[in-house]
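Structure at a glance
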Amino acid sequence: MILSVDNGCFSYKRGGKEVLKNVSFSAAPGDVVAILGANGAGKTTLLRCILGFLKWSSGGSFLDGKNMKEIPHRALWRTVAYVPQAKGTASATTVLEFVLLGRGSHIGTFAKPSATDLAYADASLSRLRIGHLAQKRCTELSGGELQMTLIARALAAQPQILVLDEPESNLDFKNQLLVLEAVSSLAAEGMTCVFNTHFPAHALQRANKALLLSADGGSRFGGADAIITEENIRNAFGVQVAIGQMQAEGKTVPDVVPVEICEF
Amino acid sequence: MSKRSPLQNAGGLTAGSRAVLLLLPVLAVMIALAVGRMQVSSAYIFRSVGEKFGMDAALDTQLESVLWKYRLPRILLALLVGAGLSVSGCAFQSLFANPLATPDTLGVASGACFGAALALLFGAGLLWVQGSAMLFGLLAVLLTYLAGSSKGRSPLGMMILSGIMVGSLFTALISLVKFVADTESQLPAITYWLMGSMSAANYRSLALGAPAVLIGIFVLYILRWRLNILTLSEDEARATGMNLPAMRAVTVLCATAVTAACVSMCGQVGWIGLLVPHIARMRYGNNHLALVPASVMIGSAFTVIVDTLARTLTPSELPLSILTAMIGAPFFIVLMRRSGGWRL
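Residues numbered from 1 in each chain as written. Chains lettered and ligands numbered in written order. Predicted model: local features only at pLDDT ≥ 70, side-chain atom pairs only at ≥ 80, totals over all residues. Heavy atoms only, no water.

Here the focus is the overall build of chain A. What chain A contains, in helices and strands, is 9 helices and 12 strands. Radius of gyration (C-alpha) of chain A: 19 Å, near the 18 Å computed for a compact globule of 264 residues. For chain A, the C-alpha atoms occupy an extent of roughly 60 × 50 × 30 Å along the three principal directions. The buried share of chain A, reckoned over its 264 residues, is 54%. (Helix = DSSP H or I, 4+ residues; strand = E, 2+ residues; numbered from the N terminus. Rg over C-alpha atoms; globule rule 2.2 N^0.38 Å. Buried < 20%, exposed > 50% of the residue type's maximum accessible area, 1.4 Å probe, protein only.)

What follows is the structure in structure tokens.
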């Protein structure tokens, strides 16, 4: 299924300043799209527009060419899943009960989860290798565990498209790697993954496509290597960076290192 | 704590817990029927119940009248009010994602009380009292929501603060109603009713109030798994495919209708909506699959016991609210400290 945004524009007030101007991109199965931009450039706003939490003032988001606002809620949320930022807002139920909430679009309004729903919730925990957390309370999880639990909840809906809001923010190195590895392996199995990130290096390492938002609401979209360049980053973030390759353990890992703040 | 087998149970009650919870109100009703100024032996109660189902038994007319004309309607009212206020407490806590949200702290109870008092002032019948209680209860929760919500997620403290303000506004309006009420006939009736008591219970008022409470409880019960989703942030809740505005509207309507119907039958009985859901949380966890039925059972049993104490502790009857607070507060503190607090 192809997720695309066509000339999306958004402003918080009618006729007010446009936060997003003519944003366009598309993502096919297996694509990992990284959305980059400085604080306040509208990354989270863009995600919320894509998912229909905010209404585009013009343009729209489409699934296989069909406008998403015309797709019934239940059908839409069986295809697309949303992973919010892990801010410790989780409820004090067990992890398994929490992950089951992700089955909402499959469970009837007056029904409760069936054995099938439990099996899917259990499977998505196993897929992310966090089955051992099932009976733990969400309030007792570490930041990394909570983020993985949120991804598991999204997977429980058996989506084809996964949209993640800064999934690796506030995590240590190891947990960042765990989350990013999960994204990569899901994409390898054909899932479309779209994620916001503060780290250009993560975009280079994990994404095949990148969308760079600049502070004036404009955007660039293309292959990650073509978009994440020293010049584009300088323009979008006001920071001079050095982009290079690190070699260790027989692997080559692209890296982006900030050098200095540019004067405008 | 009983062990849950994850692949058989989505977090609902185990068979053992179910049996215990069903037994609680039954025991409470047995005790309440037996105890009072006129003691009735349990053997007699069984005989009398048996007689109603066609068995032969020698019965005492005076005891019969005490049991079935006075004690039973009062017990039924206590069961209903306890279950109703507990479930609406659960629903409000989930709706506002706030463990302190209850009919009392959100001003709903005060609003409903004012509506009922206003109807009493105009000498309206019970149906009008209920309707008016419902209307002003809804108005109160709406005011609290508008005052306490800011853009996006409402901060926890703000909603409760605005609830307290809305509550005190309606308390002031209740005082105004009392002030203009006729001191000979209306004022005593309104004042007595406001203190909260089950003593006025009769089958007629039960027949009028019970449907709203039972329907409200039933709807919240069948939606109980979705109450879990309601505690999530707005975006997350919508991402489960749930029709969030509809779910919120149904929840607030049911919880307010239940509160208003309870208030119109027995006045304002505080604490139950806060106390009972949290006792249930500490014992059965935060999953509403277990929490809603557990609150119904614990709430009804608790209220029956407290009402029995209210009519037997002293020669003259104690107002219920005094007792719920006096039993509730220390019990609550002990539970809270033993379980190390709670979260939604």
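What follows continues from the structure just given.
This brings us to helix α12 (residues 272-284) of chain B. All names here are of chain B. Here α12 spans 17 Å end to end across 13 residues, near enough to the 18 Å set by a 1.5 Å rise per residue. With 12 of 13 residues buried, α12 is to be regarded as a mostly interior element. Within the span of α12, buried status applies to Ile272, Gly273, Leu274, Leu275, Val276, Pro277, His278, Ile279, Ala280, Arg281, Met282 and Tyr284. One or two positions beyond α12, positive phi appears at Gly285, with a value near 85°. (Expected span 1.5 Å × (residues − 1).)

Turning to the pattern of salt bridges, a few remarks are in order. Tallied over the full model, the rule gives 12 salt bridges over all chains. Close ionic contact of B:Asp235 with A:Arg48 constitutes a salt bridge, the shortest N to O distance being 2.8 Å. A residue pair is termed interchain when its members come from two chains, as with B:Asp235 in helix α10 (residues 234-238) and A:Arg48 in helix α1 (residues 43-50). Judged by its relative accessible area of 10%, B:Asp235 is buried. (Salt bridge = Lys/Arg side-chain N within 4 Å of Asp/Glu carboxyl O.)

Okay, the nonpolar core next. Judged by nonpolar contacts, the single largest core of 133 residues is most densely connected at A:Ile151, A:Leu162, A:Cys193 and B:Phe92. When sequence neighbours within four positions are dropped, the list of residues in contact with A:Leu162 reads A:Ala81, A:Val83, A:Ile151, A:Ala154, A:Leu155, A:Leu186, A:Met191, A:Thr192, A:Cys193 and A:Val194. Core analysis: the second largest hydrophobic core is formed by 32 residues, A:Leu47, A:Cys49, A:Trp77 and A:Ile161 among them. (Core = buried A, V, L, I, M, F, W, Y, C linked by side-chain atoms within 4.5 Å. Contact = heavy atoms within 4.5 Å.)

To continue, consider the interface of chain A and chain B. Listed as interface residues are 38 residues of chain A and, on the opposing side, 28 residues of chain B. Taken together, the two surfaces of chain A and chain B that pack against each other cover about 2,700 Å², and 58% of this comes from carbon and sulfur. At the boundary of chain A with chain B, the tally comes to 2 salt bridges. Note that A:Arg153 is salt-bridged to B:Glu236, the shortest N-O span being 2.8 Å. Our count for the chain A to chain B interface comes out at 8 residue pairs in polar contact (both at pLDDT 80 or more). Of all the elements in the fold, those that place two or more residues in the side of chain A that touches chain B are α2 (73-79), α3 (95-100), α4 (115-127) and α5 (143-155) of chain A. A total of 4 residues in the side of chain A that touches chain B trace back to one element, the largest contributor, which is α3(A). (Buried area = accessible area lost by both parts, 1.4 Å probe. Polar contact = N/O pair within 3.5 Å; in protein donor to acceptor, adjacent residues only side chain to side chain.)

A word on the sheet that holds strand β5 (residues 66-67) of chain A. Sheets are built from strands paired through backbone hydrogen bonds, the pairs being either parallel or antiparallel. Residues and elements named next belong to chain A. Taken together, 4 strands build an open sheet; the order of strands is β2-β1-β4-β5 and the sheet is antiparallel. Edge strands, defined here as strands with exactly one partner in the open sheet, are β2 (20-27) and β5. In this sheet, β2 lies alongside strand β1 (residues 3-10) in antiparallel orientation, the contact comprising 5 bridges. Its bridge partner being in β2, Leu3 is matched across the sheet by Ala27. The strands that α1 touches are β1, β2 and β4 (58-63); relative to β2, the one it contacts most, it runs at about 65°. (Pairing = 2+ DSSP bridges. Axes fitted to C-alpha atoms, helices over the stretch in contact; angles between N-to-C directions.)

What follows concerns empty space enclosed by the protein. Throughout the structure, instances matching the rule amount to 4 cavities of 30 Å³ or more. What the largest cavity holds in volume is close to 90 Å³. Around the largest cavity sit A:Trp77, A:Val80, A:Ala81, A:Tyr82, A:Gly102, A:Arg153, A:Ala154, A:Ala157, B:Glu236, B:Ala239 and B:Thr240, which together line it. If you list the elements that add at least two residues to the lining of the largest cavity, you get β6 (80-83) and α5 of chain A. Tallying contributions element by element places β6(A) first for the lining of the largest cavity, with 3 residues. (1 Å grid on protein atoms, 1.4 Å probe; cavity = no way out; pocket = protein on both sides within 12 Å on 5 of 7 lines; lining within 4 Å. Points joined across faces, edges and corners; volume = space filled by probe spheres on them.)

Now for the packing of helix α3 (residues 61-95) of chain B against α12(B). Packed helices, taken two at a time, are described by the angle between their axes plus the distance between the axes. All names here are of chain B. In the contact formed by α3 and α12, the axes pass within 8 Å of each other and the chain directions differ by 75°. Here α3 is positioned roughly perpendicular relative to α12, judged by the angle of their axes. For the pair formed by α3 and α12, the contact residues are Gly82, Leu85, Ser86, Gly89, Cys90 and Gln93 on the first element and Ile272, Gly273, Leu274, Val276, Pro277, His278 and Arg281 on the second. Classifying every residue of the contact of α3 with α12 gives 6 nonpolar, 6 polar and 1 charged. (Parallel < 35°, antiparallel > 145°, perpendicular 65-115°, else oblique. Nonpolar A, V, L, I, M, F, W, Y, C, P; charged D, E, K, R; others polar.)

With that settled, the discussion passes to helix α13 (residues 288-312) of chain B. Residues and elements named next belong to chain B. With 25 residues, α13 extends 35 Å between its outermost C-alpha atoms, agreeing within 8% with the 36 Å of an ideal straight helix rising 1.5 Å per residue. Among the 25 residues that make up α13, 21 are buried, leaving the element largely enclosed by the rest of the structure. A side-chain oxygen of the first residue of α13 lies 2.9 Å from the backbone nitrogen of Leu289; this N-cap is Asn287.

Here A:Phe173 shows up in helix α6 (residues 173-188). Each C-alpha atom, one on A:Phe173 and one on A:Thr79, is 31 Å from the other, the two residues being 94 residues apart in sequence.

We now examine the environment of A:Arg74. On the secondary structure map, A:Arg74 appears in helix α2. If near-sequence neighbours (up to four positions away) are discounted, A:Arg74 is found in contact with A:Gly104, A:Ser105, A:His106, A:Ile107, A:Gly108, A:Thr109, B:Arg226 and B:Gly241. Looking at A:Arg74, its side chain comes within polar contact range of the side chain of A:Thr109, at 3.5 Å.

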